[in-house]
Amino acid sequence: RVGHDLAPEQQATNRNSVLKIINCEIRFLTGYICRSFTRSSALLTRTHINYGVRGDVAVIRINSPNSKVNTLSQELHSEFMEVMNEVWSSSQIRSAVLISTKPGCFIAGADLNMLNSCTTSQEVTQISQEAQKMFEKLEKSTKPVVAAINGSCLGGGLELAISCQYRIATKDKKTVLGSPEVLLGILPGAGATQRLPKMVGIPAAFDMMLTGRGIRADRAKKMGLVDQLVEPLGPGVKPPEERTIEYLEEVAITFAKGLADKKITPKRDKGLVEKLTSYALSIPFVRQQIYKKVEEKVRKQTKGLYPAPLKIIDVSLYPILQHLSCFFPLSRTFGELAMTKESKALMGLYRGQTQCKKNKFGAPQKEVKQLAVLGAGLMGAGIAQVSVDKGLQTILKDTTLPALGRGQQQVFKGLNDKVKKKTLTSFERDAMFSNLIGQLDYRGFEKADMVIEAVFEDLNLKHRVLKEAEAVIPDHCVFASNTSALPIGEIATVSKRPEKVIGMHYFSPVDKMQLLEIITTEKTSKDTTASAVDVGLRQGKVIIVVKDGPGFYTTRCLTPMMSEVIRILQEGVGPKKLDSLTTSFGFPVGAATLVDEVGVDVAKHVAENLGKEFGERFAGGSLEMLQQMISKGFLGRKSGKGFYIYQEGVKNKNLNSDMDSILASLKMPSQPDVSSDEDIQYRLVTRFVNEAILCLQEGVLATPTEGDIGAVFGLGFPPCLGGPFHFVDLYGAQKIVDRLRKYEAAYGKQFTPCQLLVDHANNPNKKFYQ
Amino acid sequence: FSDFRMISLLTYTLKNLPNTSKWALRFCMRPLSSSSQLQAAAASQTKSKKTLAKPNIRNIVVVDGVRTPFLLSGTSYKDLMPHDLARAALSGLLHRTSVPKDVVDYIIFGTVIQEVKTSNVAREAALGAGFSDKTPAHTVTMACISSNQAMTTAVGLIASGQCDVVVAGGVELMSDIPIRHSRKMRKMMLDLNKAKTLAQRLSIISKFRLNFLSPELPAVSEFSTSETMGHSADRLAAAFAISREEQDEYALRSHSLAKKAQDEGLLSDVVPFKVPGRDTVTQDNGIRPSSLDQMAKLKPAFIKPYGTVTAANSSFLTDGASAVLIMAEEKALAMGYKPKAYLRDFMYVSQDPKDQLLLGPTYATPKVLEKAGLTMNDIDVFEFHEAFSGQILANLKAMDSDWFAQNYMGRKAKVGLPPLEKFNNWGGSLSLGHPFGATGCRLVMAAANRLRKEGGQYGLVAACAAGGQVFSICFTCVTDKTSYL
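Looking at an unreviewed UniProt entry, one finds chain B named Trifunctional enzyme subunit beta, mitochondrial and attributed to Bos taurus. Chain B has a UniProt comment under Sequence similarities (unreviewed entry) that states "Belongs to the thiolase-like superfamily. Thiolase family." Quoted verbatim from the Pathway (unreviewed entry) field of the UniProt record, the comment on chain B reads "Lipid metabolism; fatty acid beta-oxidation."

For chain A, an unreviewed UniProt entry supplies the name enoyl-CoA hydratase and the organism Bos taurus. Here chain A is described in UniProt, under the heading Pathway (unreviewed entry), as follows: "Lipid metabolism; fatty acid beta-oxidation."

Right, dumping it as structure tokens:
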């Protein structure tokens, strides 16, 4: 019952999964239009900022119109400057409070559309410089400014906040401070690289800027990133969110007054460890060593594929070298980064991710309140876990008590790990765990709104549980099948109501992997799809919806690449070498390791099935290798041995020397003109990309966006390439077709470029993303 | 921990309860004002007659109740154990009521922080106070409404015909609390107990680490939310936009009224207690009317540095015990007692322990009134438990808010404000003190005694407790004009 999934392991998405931290949403162009003709009377008709004076404290309230979030757009920027100039010139005002009245958002970052609409690095440089000038003025303000933060305070929003003299944040789960720029392939362009290290120390600042990690309010307080916390309030005589913001403002005003009266000092008492650290870091030698160490680590992790992290380290050195006002070099680097392919790819992914977090099928007629999961294996328990922790009542059914117990324990452990990390309290864990009902029979299924089966990948078994379930579930109940390769249409053949049958392909481990691939057959009703997407979104998934077919989208793309993996191994490239070639291309997990993670038996099962369907295009390596591995019990990580040996508690895995004889017995001669390191990498990637584009051509995929999101979030396609479609756009279809033709000459039809790709190569103006 | 207060509604039943129409008529006499009011009152009286004394359910009365003086923790009671205090309350009750010990069918006590040695403190105290060893006793806990729970348990026993005479009470001794060894240390000690050989013992001891010695204190915070009650009260006050000044003013009112009541000898439920090895304690020692200026100097106690809840506007850690004698009415009459009050409708409600931890009285008050068929205007005496000034004021604001009623209580309109002139007129937990387990009985006796003194009919008690739970009760005063005379 384990790992019948083609998904790579957790680390597969270490890098791209951080993308999810970014809460900011792409802002649409709505705000722009108004501005041009209101400029003359801007004073009276500010649209983003409302400003009032309470006693001698100016209260500046930000709330961008027609948007769920505030972003640092040009209008917001100029309105803010206007207001600040008034504050500075008014003799009545002695201090100011800066607050957002938008629920759940302080400022979510720079306006990405503004950045994306820039065509040259000079334009981007300009934006960065202006922001820096503004923030420097703010930092030097003689009238103290208190940033009152409720909700996301990210990127440019954080840079604004740390330019203020004092910060007060609500201790709300939605309040997150962070510098996620690195995840978009850029750097904090408005001073965080200079101010953060001073404020929280070099190690913490690098951690924030290089991982893009979001910091919750209580931790921010401990780090010194915010000076005070305000607890969110409960019900009073108005809605809690509204009153909390009001209260935050009241508290901020008292602090602003206190700062102006010099009753409060913005300086923070540092602990002993902190003092020692900052002393050590003040020694140039120590500091240089640390920068060197960080740089080494970053180089190792990014394999030189991501320019932004290294640049962040570079520019962080500026203030130490030249002291202050190093606007230009920093801004220029910012501008250059924004124009890199990596940044465009990452920004594209970010936009795609935002799109795949929406339900384009609308709200389902009946919201799923009672879920039932069949099969308490790795997948079933994982699905149950991501459901119960969102408050969804879930029945977990298996056929034997030990199997059920193992699944229940998996759910408990998943939740308990969060308690250990202090993201949950033990009480919250218990309340979530009580949403799970484990059982061996179909009791209660008559009240289920959706059943997700996650039993072993065997068509007969799937038919049996479908029939069993349909005997008890109500008419409206959706039956979803979690399978990585069995066509949903075939599963649905035994159903009395095929319009209610759908595929929900989760990736292992379910609680870590963000992707959910939903598969619709021709008979699946739109409401069934809407319901599945709704459940997936509630489970926190990024969702692509594809048409039914062998291997759907994700498995289908991965299989030809896997076939190539076997051939490359047969040609004498060792698993370690192959792993290093693939990871250095940007895959989070090496190709040989991936086979071990997926499970050799599963890989063979899928390869056989899809091989039958797609014939020669999916050929390449010999399945005999997998067969021999299975017969020796080398099933991959789950059996402790595959290409590598896996031992509990041993970090560095060793090669499985027993594989040598298998590899030797199946050895094939390599073709030298297509076997350079680069060729090997491209043989793998082009087969993947070609198949992905064929999926779009055949209509399995509805949009290139879903293709990119599926490849990156489900299969670990290099995020720096942005997914197969971005890759073709950014690197040129012609170059890829050229590669394919070269390999076609050597190996035949497996590398024949599909028509859509050829069309793109023939017409350079044709792009998947306009 | 804060208790909520109970709401007591006292109906003036002129005679006894069996509800003949005669009595309904008498009820109608009472509200004298306008005719429309009269009609309304008549209606409500008729209803109240129906609910307040229920057919087929025995009438249950409070004969009398006493308490030890409530003292600040760490003062004269500091060397006692909880059952010593409870015993003092029981002895005081025996003395006050002269009830023959063998008549008592059952004894129930409430307590919150349990002394491990006397986990059934009711039994230990009863034996020590000279009650018959044939009288069973048990202990209940429900945070700050523990002694309310003791009383209503008694009501249940009597109403169901199991008992006729029950003593209910509560005790808390915050001067001494059970501080434990850490779990690791405890585990090691238990393992050592089981070890049979020296080698086994040594191997267990070798696992000892210095941090095993760090002690474990009883939790001061809500288990489910990890938030302390003072912190929650501060947030509650902020949610209702209650200023520090308002809170200090209310606290001052409580202390001033308590002082006045003490000086005038109105706190008649207090019985003197000769503490072994010390002087006799005769009165509460936490009543300290101060000035607003002085109170304003205190720093916030929970949300620092900008919160509004301070030591001066919170109830303080208190030692004390209380006890009441509850009987079936016919038994009390047969024994020649003149009971003080009928215990009528009561109810427990609970809500969100995070954001509405202390907001219970707002929920419970209208419910118990409806159950009794009364309105806010019918009530003559309100006794609400004062955990924090901010909590009382927040409840008053919530009761006065249509928005709150509509959005959180599912009501069409606000509950309405209890008039302040009828509210905690002899001080409250802020000034008299708040021994968690004992406050419930104090509230009921305060309401009963006030009804007598002030000549009212209905009393209402409400008390909030940790866990977001609340107790409230309506009761009816038995006056001198009743047939018991």
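1. Focus: the state of the cysteines
Residue and element names in this part refer to chain A. Counted according to the given criterion, the structure contains 0 disulfides over all chains. With no disulfide of its own, Cys 695 has Cys 557 as its nearest cysteine by sulfur position, at a separation of 4.6 Å. Residue classification places Cys 695 among the buried residues on the basis of a relative accessible area of 0%. Just so you know, Cys 720 is unpaired, no disulfide at all, and the nearest cysteine sulfur is the one on Cys 557, 18 Å from it. Judged by its relative accessible area of 3%, Cys 720 falls in the buried class.

2. Quick notes on the UniProt feature "domain: 3-hydroxyacyl-CoA dehydrogenase C-terminal" (unreviewed entry) in chain A
All names here are of chain A. If you check UniProt for "domain: 3-hydroxyacyl-CoA dehydrogenase C-terminal" (unreviewed entry), the listed places come out as residues 551-646 and 683-762 in our numbering. The straight-line gap between the two end C-alpha atoms of residues 551-646 is 29 Å; of that span, 61% is helix and 2% is strand. Taken end to end, residues 683-762 is 72% helix and 0% strand, and its first and last C-alpha atoms sit 21 Å apart.

3. Focus: the side chain of A:Thr244
Residues and elements named next belong to chain A. Mapped onto the elements of the fold, Thr 244 is located in helix H10 (residues 240-260). Judged by its relative accessible area of 5%, Thr 244 is buried. Within the structure, the side chain of Thr 244 is placed 2.7 Å from the backbone oxygen of Pro 240, a separation counted as a polar contact. With near-sequence residues (within four places) excluded, Thr 244 lies in contact with Thr 170, Pro 232 and Leu 233.

4. Some remarks on the pattern of salt bridges
Residues and elements named next belong to chain A. Under the counting rule described, the total for this entry stands at 67 salt bridges over all chains. Between Lys 140 and Glu 136 there is a salt bridge, and its shortest N-O distance comes to 2.9 Å. Given the relative accessible area of 54%, Lys 140 is considered exposed. Across the pair Arg 299 and Glu 295 runs a salt bridge, and its minimum N-O distance is 3.0 Å. Of the two residues, Arg 299 and Glu 295 are both situated in helix H12 (residues 284-302); the distance of 4 residues between them amounts to about one turn of the helix. Among the residues examined, Arg 299 registers a relative accessible area of 47% and is labelled partly exposed. Since its relative accessible area comes to 24%, Glu 295 is described here as partly exposed.

5. Observations regarding the UniProt feature "domain: Thiolase N-terminal" (unreviewed entry) in chain B
What UniProt calls "domain: Thiolase N-terminal" (unreviewed entry) maps, in this numbering, to residues 60-330 of chain B. Between the end C-alpha atoms of residues 60-330 of chain B the distance is 9 Å, and the span holds 35% helix and 15% strand.

6. Regarding the confidence of the model for chain B
Residue and element names in this part refer to chain B. In this model, chain B carries a mean pLDDT of 87, and residues with pLDDT of at least 70 account for 87%. Counting interchain partners and residues more than four positions distant, the pLDDT-below-50 stretch residues 1-51 has 198 contacts. Taken as a whole, residues 479-485 scores under 50 in pLDDT and shows 18 contacts with residues more than four places along the chain or in a different chain. This prediction of the complex comes with two scores: 0.87 for pTM and 0.86 for ipTM.

7. Focus on the packing of helix H23 (residues 554-570) of chain A against helix H26 (residues 600-614) of chain A
All names here are of chain A. Remark: H23 packs on H26, axes separated minimally by 10 Å, with the N-to-C direction vectors making an angle of 95°. Considering their axes alone, H23 and H26 lie roughly perpendicular with respect to each other. Residues Thr 555, Arg 556 and Thr 559 of H23 pack against Val 606, Ala 607, Leu 610 and Phe 614 of H26. Looking at the contact of H23 with H26, its residues break down into 4 nonpolar, 2 polar and 1 charged.

8. Details of the nonpolar core
In terms of nonpolar packing, the biggest core is built from 109 residues, with A:Tyr553 and A:Phe717 touching the most fellow members. When residues of this core are assigned to their parent elements, the largest contribution, 11 residues, is made by helix H29 (residues 677-697) of chain A. Counting 108 residues, the second largest nonpolar core, distinct from the first, contains B:Ile158, B:Val349, B:Val415 and B:Val461.

Conventions used here
- Residues numbered from 1 in each chain as written.
- Chains lettered and ligands numbered in written order.
- Predicted model: local features only at pLDDT ≥ 70, side-chain atom pairs only at ≥ 80, totals over all residues.
- Heavy atoms only, no water.
- UniProt positions renumbered as here; feature names shortened; annotations may be inferred.
- Disulfide = S-S within 2.5 Å.
- Buried < 20%, exposed > 50% of the residue type's maximum accessible area, 1.4 Å probe, protein only.
- Helix = DSSP H or I, 4+ residues; strand = E, 2+ residues; numbered from the N terminus.
- Polar contact = N/O pair within 3.5 Å; in protein donor to acceptor, adjacent residues only side chain to side chain.
- Contact = heavy atoms within 4.5 Å.
- Salt bridge = Lys/Arg side-chain N within 4 Å of Asp/Glu carboxyl O.
- pLDDT = per-residue confidence, 0-100.
- Axes fitted to C-alpha atoms, helices over the stretch in contact; angles between N-to-C directions.
- Parallel < 35°, antiparallel > 145°, perpendicular 65-115°, else oblique.
- Nonpolar A, V, L, I, M, F, W, Y, C, P; charged D, E, K, R; others polar.
- Core = buried A, V, L, I, M, F, W, Y, C linked by side-chain atoms within 4.5 Å.

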